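These are the residues of each chain, in order.
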Amino acid sequence: MYLLTIVITIILIEFVIQYLIKKVKKEFPWFLENQDIYPNFDNKKFKNFIKLSFDKKLGWKRKSNTTGFDKVGKNKIKFSIDKNGYRKLKLKKKPLVVSFGGSYVFGRQVKDEETWQEQISKKNNFNILNYGVGNYGTDQALLYYQSKKFNKQTKLAILGIVPEHISRIQSEWKHFSEFGNIHGFKPKFEFKKNKLQLKENILNKNTSIKDLNKIIKKIQETDRFFKDRFLKSLFKFPYLLNFIRNFNFNIKVIFTFFKYKKNSQIKKDLFLDYVINKNINDSHRLFLENYSQRLFLEIFKKFKLEALKNKHKSMVVVFPMMQDIKKNSNINYTNYFNNIVSKEIKVLDLTNEIKKNDLKKLYVNKINGSHFNKYGNKIVSKKIKQFIKKEFNEIF
């Protein structure tokens, strides 16, 4: 009788958990189930992605002579891409510097004239061309730099990263590491036989929606995050086991879902914060893994080598996300950049500088940080300008 009671109780708990996961999943798609391994692609959206954003060599990029919008609360922030592929300049000056990287280089959620590049340029007699692309990894930024031809006046190339890039460089399909980013197929480098080897983007412009399941099946074998991250977060029968395995995370999400049921914006911001925090924790651990360290380092070395071919000086800027600053484990990446990477290429790690400030004044979103706001970009611009003047004064 006692054993029967236990079995019935476990079955009831299983049904309750399944009900909760499916209910919360409607607003928190990061609760994964079996069908998410092969998500439903909208044919129209996929074709639109191929037409407007797809790039075989890079995965994706903003097209020249286009505009777009970021949302900050109820406001729309317009941004524009120049005919040459970089973010629109307010004033055209000598293009002495070029910058490549992800959204912290692009300047997501601020106006064209509010990026750190423009805040430096407007007080000096040169431009810093902004080739940042949202959600890029350092591997894509390197490949983008390799693909461009530059004005002979260009003297310095900046590679901007966030610490989480140590994960991005090992990803082939973003959905396996950033759940829900289903169009994010990309190339990646592997470190084999003591050298970098490029594994090209598996998509091409002729890929149709009917090809995607076969492609996804192949990527499961070569993208480490399918096993390391995706499967570990997957709910399948019995749901109870997965719930217990990630108990703190799961219970926090469900609690937030019901607590802020009538405040969708706070709920949305908190959900994003939980997900970013989880990914940040994973990325900080990778800075202690030998393969991840070496792969990242070889990409930086490759960037420096490519810069030398272009007769450019080179540097790396580390932009911390709000969650990076809040974690004691940020020592993992600060040690890595200051003690290992800096021996190969000049590095400006902004972590300690950002720590000195009130974080809520620097980032767009006060809960999850998101990106630097205008003031945050101003703080960053001052530090980058000082570093350039100190390390590359002969250029200017």
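Counting restarts for each chain, with residues numbered from 1 along the sequence as it is written. pLDDT decides what is reported in this predicted model: residues at 70 or higher carry local features, side-chain atom pairs at 80 or more are listed and counted, and totals for whole chains, interfaces and linings draw on all residues regardless. The basis for the side-chain values is all heavy atoms of the structure; hydrogens and waters are excluded.

Let us now look at the overall build of the chain. Segments assigned H or I by DSSP are reported as helices when at least four residues long, segments assigned E as strands when at least two residues long, and all are numbered from the N terminus. When helices and strands are counted, the chain shows 17 helices and 15 strands. Over its C-alpha atoms, taken along the principal directions, the chain stretches across nearly 85 × 45 × 40 Å. Relative accessibility thresholds used throughout: buried, under 20% of the residue-type maximum; exposed, over 50%; partly exposed, between the two (1.4 Å probe, protein chains only). Counting over 396 residues, the chain shows a buried share of 55%. Counted over contacts in the chain with a minimum sequence separation of 6, partners at least 24 positions apart contribute 71%. When the accessible surface of the chain is split by element, carbon and sulfur atoms take 53% of a total near 20,200 Å². Averaging the positions of the 82 positive and the 35 negative side-chain charges in the chain gives two centres separated by 4 Å. Throughout, a contact is declared for two residues whenever any of their heavy atoms are within 4.5 Å. Per-residue and other accessible areas follow the Shrake-Rupley method at a 1.4 Å probe size, with only the shown protein chains counted as cover for residues. Asp and Glu are treated as the negative residues and Lys and Arg as the positive ones, with His and the ends of the chain left uncounted. Think of each charge as sitting on NZ of Lys, CZ of Arg, CG of Asp or CD of Glu.

On to helix 1 (residues 2-25), then. Note: α-helices contain 3.6 residues per turn, so residues at a spacing of three or four share the same orientation. The end-to-end C-alpha distance of helix 1, which contains 24 residues, comes to 34 Å, matching closely the 34 Å that a straight helix rising 1.5 Å per residue would cover. For helix 1, every residue scored as buried is listed here: E14, I17, Q18, L20, I21, V24 and K25. A helix is expected to reach a length of 1.5 Å times the quantity of its residues less one.

With that settled, the discussion passes to unusual backbone geometry. Generally, phi is negative for residues other than glycine and the peptide bonds are trans, each holding for most cases. For the peptide bond that leads from F237 to P238, omega is -5°, which places it in the cis range. A positive phi angle, close to 50°, is found at K193, a residue other than glycine. The exposure class assigned to K193 is exposed, which follows from its relative accessible area of 77%. For K311, which is not glycine, the phi torsion reads 60° and is therefore positive. Among the secondary structure elements, K311 is positioned in the loop between helix 12 (290-309) and strand 12 (313-318). Overall, K311 belongs to the exposed group, its relative accessible area being 74%.

A separate point is a nonpolar patch on the surface. Judged by side-chain polarity, M1, L4, I8 and L12 come together as a nonpolar surface patch covering roughly 460 Å² of accessible area. Turning to its location among the elements, I8 is positioned in helix 1. Patches here are clusters of residues that have more than 30% relative accessible area and form no salt bridge, with a 9 Å joining cutoff for like charges and a 5 Å cutoff for nonpolar side chains (Val, Leu, Ile, Met, Phe, Trp, Tyr). By definition here, a salt bridge exists when the distance from a side-chain nitrogen of Lys or Arg to a carboxyl oxygen of Asp or Glu is within 4 Å.

This part is about the layout of surface pockets. Grid spacing is 1 Å over the protein atoms alone, the probe is 1.4 Å, and a cavity is where that probe fits but cannot get out, while a pocket is an open set with protein on both sides within 12 Å along at least five of seven lines and lining residues have an atom within 4 Å of a point. Grid points are joined across faces, edges and corners, and a volume is the space filled by probe spheres set on the points. What the second largest pocket holds in volume is close to 430 Å³. Going through the elements one at a time, helix 8 (225-230), helix 10 (247-259) and helix 11 (264-286) are the ones with two or more residues in the lining of the second largest pocket. In terms of residue count, helix 11 provides more of the lining of the second largest pocket than any other element does, seven residues in total. In the scheme used here, Gly and all other residues not listed as nonpolar or charged are polar, with Ala, Val, Leu, Ile, Met, Phe, Trp, Tyr, Cys and Pro taken as nonpolar and Asp, Glu, Lys and Arg as charged. Class assignment for the residues of the lining of the second largest pocket results in four nonpolar, five polar and eight charged.

Turning to the packing of aromatic side chains, a few remarks are in order. The criterion for an aromatic pair is that two Phe, Tyr or Trp rings (for Trp, the six-membered ring) have centres within 6.5 Å, with stacked assigned to planes under 30 degrees apart, edge-to-face to planes over 60 apart and tilted to the rest. Scanning all chains against the criterion turns up 42 aromatic pairs. Centroid distance F28 to F249: 6.0 Å. Interplanar angle 55°. Geometry classified as tilted. Residue F28 is found in the loop between helix 1 and strand 1 (32-33), and its partner F249 is found in helix 10; the two are separated by 221 residues along the sequence. The exposure classification of F28 matches that of F249, with both residues buried. Ring centres 5.4 Å apart and planes at 85° place the aromatic pair F31 and F235 in the edge-to-face group. Of the two residues, F31 sits in the loop between helix 1 and strand 1 while F235 sits in strand 11 (residues 234-235), which places them 204 residues apart along the sequence.

Let us now look at empty space enclosed by the protein. In this structure the tally under the stated criterion is four cavities of 30 Å³ or more. Estimated volume of the largest cavity: approximately 120 Å³. If you go around the largest cavity, you meet 13 residues; those closest to its centre are W30, F179, S233, F249 and K278. Breaking the lining of the largest cavity down by element, the ones donating at least two residues are helix 10 and helix 11.

Attention now goes to the sheet that holds strand 7 (residues 126-130). Strand pairing requires that DSSP identify at least two bridges connecting the strands. Taken in spatial order, the five strands of this open sheet run 7-6-8-12-13, and their pairing is parallel. The sheet is open, and its two borders are formed by strand 7 and strand 13 (346-349), each paired with just one other strand. For this sheet the average axis-to-axis angle between neighbouring strands, irrespective of direction, equals 25°. Strands in contact with helix 5 (residues 138-147) are strand 6 (94-101) and strand 8 (156-161); relative to strand 6, the strand with the most contacts, it is inclined by about 145°. Interaxial angles span 0 to 180 degrees and are taken between N-to-C directions of axes, which are lines fitted to C-alpha atoms, for helices over the stretch in contact.

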